[in-house]
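# A closer look at the structure
Residue strings, one per chain:
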Amino acid sequence: MLTQIFPLPKFEDEELTRSAIQLRTVTLAMFAITTLFIVMWSFFVPQAVFRSVYTLPIYPLCLWLLFLIRKGKVKLAGSVLVAGVWIVLFFAAAFNGGVLAPGYSGLLITILAAGIFIGREWANRVALISVIGGGAFVYLERQGILQAINEVANPMAMWIAQGVFFFMAASLLQMGTERISGALQRAQHEIDQRRKAEEQLLAAEKQYRELVEHVPAVIYSAEIGPNGPWLYVSPGIFQLSGYTPEEWMADSQLWYSRLDPEDRERFLNGEKQALEEGRRFSMEYRFRRKDDSMIWVLDESFYVADDKSNGQTIMQGYMLDITENKLAEERLRANEILLTTIIENIPFDFWVCDENDRYILQNPISKRLVGDVIGKTVSDLDLPSAVVNAYQNQHLRILGGESIREEETHEQNGKLHHLLMIGAPIRDNDKVRGMIGMTIDMTEQKQAQEALRETELLYRTLVEQTSVAIYRDAAQEGAPSIYISPQIENMIGYSPEDFSAEPEFWQSLLHPDDHHRVLEDIKQMLASGRGIASEYRMKAKNGEWVWLGDEPVVIKNDEGNLLYIQGVLTDVTKQKESEAQRETLIKELEEKNSELERFTYTVSHDLKAPLITMGGFLGYLEKDALSGNVEKLRLDIQRISEANRKMETLLNDLLELSRIGRKMNPPEMVPFGQIISEAFIRAESRLNQRKIDVMVMTDLPSINGDRNRLIEVMQNLLDNAAKFMGDQPNPVIEIGAETKEDEVIFFVRDNGIGIDPKFHKKIFELFDKLNPRIEGTGIGLALVKRIIEVHGGRIWIESQLGQGATFFFTLPGMK
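Everything in this summary refers to the structure shown in the same document. In this text, all values refer to a predicted model and were calculated from it rather than measured experimentally. (Residues numbered from 1 in each chain as written. Predicted model: local features only at pLDDT ≥ 70, side-chain atom pairs only at ≥ 80, totals over all residues. Heavy atoms only, no water.)

Another aspect to go through is the overall build of the protein chain. Secondary structure summary: the protein chain contains 27 helices and 22 strands in total. Relative to its full complement of 815 residues, the protein chain shows a buried share of 39%. Intrachain contacts of the protein chain at a sequence separation of at least 6 include 54% that bridge at least 24 residues. Total accessible area on the protein chain is roughly 48,200 Å²; 55% of this is exposed by carbon and sulfur atoms. (Helix = DSSP H or I, 4+ residues; strand = E, 2+ residues; numbered from the N terminus. Buried < 20%, exposed > 50% of the residue type's maximum accessible area, 1.4 Å probe, protein only. Contact = heavy atoms within 4.5 Å. Areas by Shrake-Rupley, 256 points an atom, 1.4 Å probe, with all protein chains shown as cover.)

Right under this line is the structure:
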């Protein structure tokens, strides 16, 4: 019945439940044993049955204990159990013989119960109280106050009482043993759980450390203040600052010294305020890395008390490089400012509507034209109904995803107005979130366009009917083309579209010799604001060079700023050709005059010398003939013959020189190697006499020209090289050709005595002989130069005295 009334207790606290069950068991056992004791005492000690009345308080005590256990007041119930049983046994011992009474030895049960249900310190306290109580019994007994042991102390009574106590003690000892065993099992279980928890903690700590060391943020722990020591900093500090964790923690002032001076006071004040208010601290500041580059850092931390540092306040947090974010924010801010500036300065009606067709933004022009329309729809606008209907239709189409650009015309106040409507949807992925639009009043522009069209028609008619090309270029370096009239196609074959397709196209047509000069003229015009007339060549579409006369002017606005360069191009090719022909004739005339002067000198000097010689020796001839001196007569005749031959050679060379350019053989394509071979045959005697090796390159090109005259060129160059070979022990003449800048250059190179550079031009002049003792008339190289120039080529020499000489010449028309 008691177990049904007082069932097994069960609480959320497992330890409390276990103690309550044990205490309940003891209480029920005590209830049963007390009942058994009363029965056995009445049966075996009938003469002292009245003494069993001392045990009756046990019953209400048990009921009270079961009530307290059911209410969960287990600790209180344990204390009540010990105190109640101790009082019952103490009073039973006091009236039944003191320390010799069975009840006194039963106090051992309360000591055991106190140790089990209250605590081990209470076992000592209850034992001490029991000993003191026993001492009091002994004292009272000696004083005769306490009743001496009587019949209750017979063996049967002692056996019954001690039996009850033994069973109670055994139950309590077993319960204590079970409690100790359970505690040991629980301790072992807790140890196992703690070991597992420690292993999990170590694993979690490892994962946490790996996480901390690999997150982009720098985790740190430090004491507060600018010079507070750093207790920990994650490896990410190297990537953020350029300093290793060891360098960072070794110098407590490193962080503060690299903090931007403008942010130091703000940081310290913010840190102090956050500490006083007990809140999380967050701030963005500039930090100078080890390489002196500046970055932005987000620093967030919170403050904790460190038990290891005697309650010292430390901050724990993280630092994150937000430089890219700050730059992005600055760009976004700049874009917002730019967008706002653009919207507010758009010189026409600009507006934005949401997806419900309500105006959410308008610029100042829009407000001035239609008033404040924010929050309104098109139907709320004070406009003609035709315009409102047109706007509503356009807005519906835009919100449907269509972009529009349409012109609307309506009449208002008796005037015709032209409006241009431009609108586009605002999309969020595939969903239309609103629209933007512009309404431009095109009335004045339409009128201006019509007037401009008429003016342009008149201007174009005037421009296109002239014989010159009119152009307009941008007033900037390089003068990109803006416009050029159609007459340019008649001049160089390129249409105006070719110029407009590539504004700097005209520069690519300039002759290389004119390109720099023309661009420099443009720079001077831009600098001075005045036009510079010039003439230059442009390459026509057919590949020919066309001379153009350019008469430009620099156009300025009212403020004096340059607008563009405008001018007139005239084809002056024929004029330039006439000038070139005139210059050529003048040059040829000058050269012929120079030759005539030299020829006159030759007639008066070189031809006169043989005549004087002959005249002199004719006198000797007469004298020797009269004297009969045959030997001298023969010598005089020989001297007269040599002078005659010299004069004949000189006259022949002069005659040959005069024929060049006047009398030429028909040109033919002939391999240059054949010309060299024939020239070698003509000069072979002189070359063999000097034992000269002649080396000729292979694969020489073919040339188109007068075969005989070109053979004369090579013959003269070979003779000249042989005559001026000097005492060279291994005389060599090389003949070949080389290509430079797409031009084939022939050369004749010898290792003779060489020519001083100051005579390089003089040797090609008529009758100029550097060494009068060398045979010849001095016409050979002049003859070579005349033949080369008649063929359209040029000739020059490269030589140093004592280092041989190389004659170079070009011949156009090669293959």
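Picking up after the structure, the text goes on.
As summarised here, the arrangement of the five strands in space is β12-β11-β15-β14-β13, forming an open sheet in which the pairing is antiparallel. Edge positions in the sheet fall to β12 (481-484) and β13 (534-539), since each of these pairs with one other strand and no more. Strand-to-strand twist across the sheet, computed as the mean angle between neighbouring axes with direction ignored, equals 30 degrees. Two elements, strand β14 (residues 545-556) and strand β15 (residues 562-571), share nine bridges in a ladder whose sense is antiparallel. Its bridge partner being in β15, I555 is matched across the sheet by Y564. The strands touched by helix α20 (residues 512-528) within the sheet are β13, β14 and β15, with β13 carrying the most contacts at an inclination of about 135 degrees. (Pairing = 2+ DSSP bridges. Axes fitted to C-alpha atoms, helices over the stretch in contact; angles between N-to-C directions.)

Before going further, it helps to spend a moment on the pattern of salt bridges. This structure, assessed with the given rule, holds 27 salt bridges. Here R286 ties to D260 by a salt bridge, and the two come within 3.8 Å at their closest N and O atoms. Separated by 26 residues along the polypeptide, R286 in strand β3 (residues 281-288) and D260 in the loop between α11 (254-258) and α12 (261-277) bring together distant segments of the chain. Given a relative accessible area of 21%, R286 falls into the partly exposed group. On the basis of relative accessibility, which here comes to 10%, the residue D260 falls in the buried class. (Salt bridge = Lys/Arg side-chain N within 4 Å of Asp/Glu carboxyl O.)

Below, the discussion takes up the side chain of E271. Looking at where E271 falls in the secondary structure, it is placed in helix α12. Buried charge E271 goes without a salt bridge, the closest partner of opposite sign being K272 at 10 Å. In contact with E271, not counting residues within four places along its chain, are I224, G225, F281, Y303 and M315. (Lys, Arg positive; Asp, Glu negative; His and termini not counted.)

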